[in-house]
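Spelled out, the chains give:
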Amino acid sequence: MNAAPGRAYDIRPLGELMGAEIEGLNLSEALNATTINEILDAFLDHHVLVFRNQNLTKDAQLAFTKYFGEPEDHVHRTPSGKILPPVHIVNNLDPSGKPTSKPYTTGNYHWHTDKSYHAVPSLATLLHAIELPPAGGDTLFANTRRGYETLPEETKQRIANFRVVHSWEASRRNTGNAPATEAEIRDRPPVTHPLVRTHPSTGKKTLYVGMHTSHIEGMPESESRALLDSLATHTTKPEFVYTHNWRAGDLVMWDNRCLLHRADANYDMDKHRRILYRTVIKGSLPF
Ligand code: OGA
Ligand code: MN
């Protein structure tokens, strides 16, 4: 699709699987209702929107985020124990600001959907590139609707009513990060969600899995882990994945209700800084 008559920007699909790039919009400026509705339509059609050539301050990113819902708060603390502000920074820096392959969290390098350990998980996440490695440092997105639709019929029937426990504690364990603290566990007790989730806007079924999962309710742990892992492996096969190669100025906004995502450590993390502004939008109760 090119710029519609009377519209100053282009929305171009990045492929059949997902993704569209939007060029010619300045997200630092106030947007009118028509533009916001066009963005929302494109978001539901393409799941990942890439806004090119942006140069947003934190305040401007927060203002843009608020057009689409309420910004989330965060259980995760910085190494010095501070709560993350609504616009925070995804990075690979040590406390002195040097790049490292062992930043205080590497959770974002494992397949997940944001905040599925919340009773009401995230609708969308927005990342804005501030500093990028010369190459690599990609973000991968997997289409969990395709994952669901391509399951054998008998698997669909078997898993139709399964409920999955997600928790911050399990997430930290699954990713080999420092264990959740007592305070964090109190803040975010385990929650359960349907394994097969229905997207509230499109009505399409998706697989709701990823690194925040603990186990399937009422199923022995090893059987449960094997099933969750096999479903995650299935829906993250290359044929269901879009790889986002970041360009300077990109702001990427994605739908957590029908995608898994992860960062790719395909750059020299000890040498190059990778810094992005992040905001997250509250969603609704999965069903
Ligand atoms: C996130 C996330 C991936 C990346 O911000 O939620 O998972 O590429 N980021 O940094
Ligand atoms: Mn994430």
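These remarks concern the structure in this document. Nothing here was measured: the structure is a model prediction, and the numbers come from that model.

Here we look at the nonpolar core
Point 1. In this structure, Leu25, Leu27, Ile39, Leu49, Phe51 and Phe64 are the most contacted members of the largest nonpolar core, which totals 23 residues.
Point 2. For this core, the secondary-structure elements that each account for two or more residues are strand S2 (20-23), helix H1 (33-46), strand S3 (48-51), helix H2 (58-66), strand S5 (122-131) and strand S13 (251-255).
Point 3. No other element matches H1, which puts 4 residues into this core.
Point 4. If sequence neighbours within four positions are ignored, Ile39 has contacts with Leu25, Leu31, Leu49, Phe51, Phe64 and Phe68.

Considerations on the side chain of His212
Point 1. Among the structural elements, His212 can be located in the loop between strand S10 (205-207) and strand S11 (213-216).
Point 2. Overall, His212 belongs to the buried group, its relative accessible area being 4%.
Point 3. One polar contact links His212 to Ser171, side chain to side chain, over a distance of 2.7 Å.
Point 4. In this structure, His212 is in contact with His112, Thr113, Lys115, Ser116, Tyr117, Val165, His166, Ser167, Ala170 and Ser171, ignoring residues within four places of it in sequence.

Re the coordination of the manganese ion (ligand 2)
Point 1. Around the manganese ion (ligand 2), the protein supplies His112 (NE2), Asp114 (OD) and His261 (NE2) as donor atoms, at distances of 2.1 to 2.2 Å.
Point 2. Each donor residue of the manganese ion (ligand 2) belongs to the same chain, with the gaps between them written as H-x1-D-x146-H. Of this pair, His112 sits in the loop between strand S4 (88-91) and S5 while His261 sits in strand S14 (residues 259-263), placing them 149 residues apart in sequence.
Point 3. Since its relative accessible area comes to 4%, His261 is described here as buried.

Concerning the site of ligand 1
Point 1. If you check the shell around ligand 1, you find Val90, Asn108, His112, Asp114, Leu127, Thr139, Trp254, His261, Ala263, Arg274 and Arg278 and nothing else.
Point 2. A distance of 3.1 Å separates an oxygen atom of ligand 1 from a polar atom in the side chain of His112.
Point 3. One nitrogen or oxygen atom from the side chain of Arg278 is found 2.7 Å from an oxygen atom belonging to ligand 1.
Point 4. The fraction of the free accessible surface of ligand 1 (290 Å²) that becomes covered by protein chains is 98%.
Point 5. Residue composition of the shell around ligand 1, by class: 4 nonpolar, 4 polar and 3 charged.

Considerations on the pattern of salt bridges
Point 1. This structure, assessed with the given rule, holds 15 salt bridges.
Point 2. With a shortest N-O distance of 2.8 Å, Arg273 and Glu131 are connected by a salt bridge. With Arg273 in the loop between S14 and strand S15 (275-282) and Glu131 in strand S5, this pair connects stretches of sequence that are 142 residues apart.
Point 3. Between Lys156 and Glu153 there is a salt bridge, with its nearest N and O atoms 3.7 Å apart. On the criterion of helical spacing, the pair formed by Lys156 and Glu153 is a turn pair, its members being 3 residues apart in helix H4 (residues 153-159).

Details of unusual backbone geometry
For residues besides glycine, phi is generally negative; the peptide bonds are generally trans as well.
Point 1. In this structure, His47 is a non-glycine residue whose phi angle is positive, near 70°.
Point 2. With respect to the secondary-structure elements, His47 resides in the loop between H1 and S3.
Point 3. Even without being glycine, Asn53 reaches a positive phi, approximately 60°.
Point 4. Counting through the fold element by element, Asn53 comes out in the loop between S3 and H2.
Point 5. The class of Asn53 is exposed, set by a relative accessible area of 57%.

With respect to the packing of aromatic side chains
Point 1. Taken as a whole, this structure holds 7 aromatic pairs when the rule is applied.
Point 2. Centre to centre, the rings of Phe51 and Phe64 are 5.5 Å apart; their planes meet at 80°, and the pair counts as edge-to-face. A residue pair is termed long-range when its members are at least 10 positions apart, and Phe51 in strand S3 and Phe64 in helix H2 qualify at 13 residues. Residue Phe51 shares its accessibility class with Phe64, and that shared class is buried.
Point 3. Taken together, Phe51, Phe64, Tyr67 and Phe68 form an aromatic cluster joined through their ring pairs.
Point 4. The ring of Tyr148 is capped by Lys156, whose NZ or CZ atom sits 5.2 Å from the centre of that ring.
Point 5. Over the aromatic face of Tyr208 sits the side chain of Arg197, whose NZ or CZ is 4.8 Å from the ring centroid.

What counts and how
Residues numbered from 1 in each chain as written. Chains lettered and ligands numbered in written order. Predicted model: local features only at pLDDT ≥ 70, side-chain atom pairs only at ≥ 80, totals over all residues. Heavy atoms only, no water. Core = buried A, V, L, I, M, F, W, Y, C linked by side-chain atoms within 4.5 Å. Buried < 20%, exposed > 50% of the residue type's maximum accessible area, 1.4 Å probe, protein only. Helix = DSSP H or I, 4+ residues; strand = E, 2+ residues; numbered from the N terminus. Contact = heavy atoms within 4.5 Å. Polar contact = N/O pair within 3.5 Å; in protein donor to acceptor, adjacent residues only side chain to side chain. Donors = N, O, S within 2.8 Å, 3.2 Å for Na, K, Ca; no water. Near = heavy atom within 4 Å. Areas by Shrake-Rupley, 256 points an atom, 1.4 Å probe, with all protein chains shown as cover. Nonpolar A, V, L, I, M, F, W, Y, C, P; charged D, E, K, R; others polar. Salt bridge = Lys/Arg side-chain N within 4 Å of Asp/Glu carboxyl O. Phe/Tyr/Trp six-rings, centres within 6.5 Å; stacked < 30°, edge-to-face > 60°. Lys NZ or Arg CZ within 6 Å of the ring centre and 35° of its normal.

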